[in-house]
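# Descriptive structure summary
Listed below, chain by chain, are the residues.
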Amino acid sequence: MKQILTMLAIAAAMASCSLTSNTTIEPKKQFVLGNNEHGSFKVKLKNVSSQPVEVYQAPLGGGRHSGSTVQPGQSVTVKVQRNTALVVNNPSGETVSVGLKVTGDTGLSMGYNNNKQ
């Protein structure tokens, strides 16, 4: 019984793991979160810049879906499926910043790309 309780406590601690970040994205660049094999995760994103940013999901197998524009000061919550990246695109000519709180699977790759649009 004690072993079962210990395993449940460990599972609960792992499930409650989160990652918090203030991420800066240069002009015409993208921040890509989760461009690797992983489980599902959820992101609460707040645009703390004076320019809008675009967010969309990009499955590892290709394509993109669930796109939206996040205005300055606006927050959104995005549920991301397993093996799918969340892309935060900065189409503007100014550097932008977003606040991110990631829950769920936090074993995610993170990196920057040139804007592909």
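This text gives an overview of the structure that appears in the document. These numbers come from a predicted model, not from an experiment.

## Comments concerning the sheet that holds strand 6 (residues 75-80)
One key point about sheets: their strands pair by backbone hydrogen bonds, in either a parallel or an antiparallel sense. Within the open sheet, the 4 strands sit side by side as 1-8-3-6. Their pairing is antiparallel. The open sheet has two free edges, formed respectively by strand 1 (18-25) and strand 6, since each of these has just one partner strand. This sheet shows a mean twist of 20 degrees between the axes of neighbouring strands, independent of strand direction. Of the strand pairs in this sheet, strand 3 (residues 41-47) and strand 8 (residues 96-104) are connected by 7 bridges, and their pairing is antiparallel. Note that in strand 8 the partner of Asn-47 across the bridge is Val-98.

## Overview of the pairing of strand 6
Side chains Val-76, Val-78 and Val-80 project from strand 6 onto a buried face, and the interleaved Ser-75, Thr-77 and Lys-79 project onto a face without burial. With 6 bridges connecting them, strand 3 and strand 6 associate as antiparallel partners. Bridged to Lys-46 within strand 6 is Ser-75.

## A closer look at the packing of aromatic side chains
A complete count under the given rule lists 1 aromatic pair for this structure. Positioned over the ring face of Tyr-56 is Arg-64, at 3.7 Å from the centre of the ring.

## Some thoughts on the environment of Leu-60
Here Leu-60 lies in the loop between strand 4 (53-59) and strand 5 (65-70). A relative accessible area of 36% means that Leu-60 is categorised as partly exposed. Put simply, Leu-60 and Asn-36 are 24 residues apart on the chain and 7.2 Å apart in space, counted from C-alpha to C-alpha.

## Here's the deal with the environment of Ser-97
Mapping Ser-97 onto the fold places it in strand 8. In this structure Ser-97 comes out as buried when scored by relative accessible area, which is 18%. Put simply, Ser-97 and Val-53 are 44 residues apart on the chain and 9.2 Å apart in space, counted from C-alpha to C-alpha.

## Observations concerning the environment of Asn-115
Mapped onto the elements of the fold, Asn-115 is located in the segment after strand 9 (110-114). Judged by its relative accessible area of 18%, Asn-115 falls in the buried class. In this structure the C-alpha to C-alpha distance between Asn-115 and Val-88, which are 27 residues apart in sequence, comes to 9.9 Å. Setting aside residues no more than four positions away along its own chain, Asn-115 makes contact with Lys-28, Lys-29, Gln-30, Asn-89, Asn-90 and Pro-91.

## As for empty space enclosed by the protein
Empty space left among the atoms is revealed by rolling a probe the size of a water molecule over them. Taken as a whole and judged by the stated rule, the model has 1 cavity of 30 Å³ or more. The calculated volume of the largest cavity comes to roughly 30 Å³. As for the largest cavity, its lining consists of Leu-19, Ser-21, Thr-23, Phe-31, Leu-33, Leu-100, Val-102 and Met-110. Residue composition of the lining of the largest cavity, by class: 6 nonpolar, 2 polar and no charged.

Criteria and cut-off values
- Residues numbered from 1 in each chain as written.
- Predicted model: local features only at pLDDT ≥ 70, side-chain atom pairs only at ≥ 80, totals over all residues.
- Heavy atoms only, no water.
- Pairing = 2+ DSSP bridges.
- Helix = DSSP H or I, 4+ residues; strand = E, 2+ residues; numbered from the N terminus.
- Axes fitted to C-alpha atoms, helices over the stretch in contact; angles between N-to-C directions.
- Buried < 20%, exposed > 50% of the residue type's maximum accessible area, 1.4 Å probe, protein only.
- Phe/Tyr/Trp six-rings, centres within 6.5 Å; stacked < 30°, edge-to-face > 60°.
- Lys NZ or Arg CZ within 6 Å of the ring centre and 35° of its normal.
- Contact = heavy atoms within 4.5 Å.
- 1 Å grid on protein atoms, 1.4 Å probe; cavity = no way out; pocket = protein on both sides within 12 Å on 5 of 7 lines; lining within 4 Å.
- Points joined across faces, edges and corners; volume = space filled by probe spheres on them.
- Nonpolar A, V, L, I, M, F, W, Y, C, P; charged D, E, K, R; others polar.

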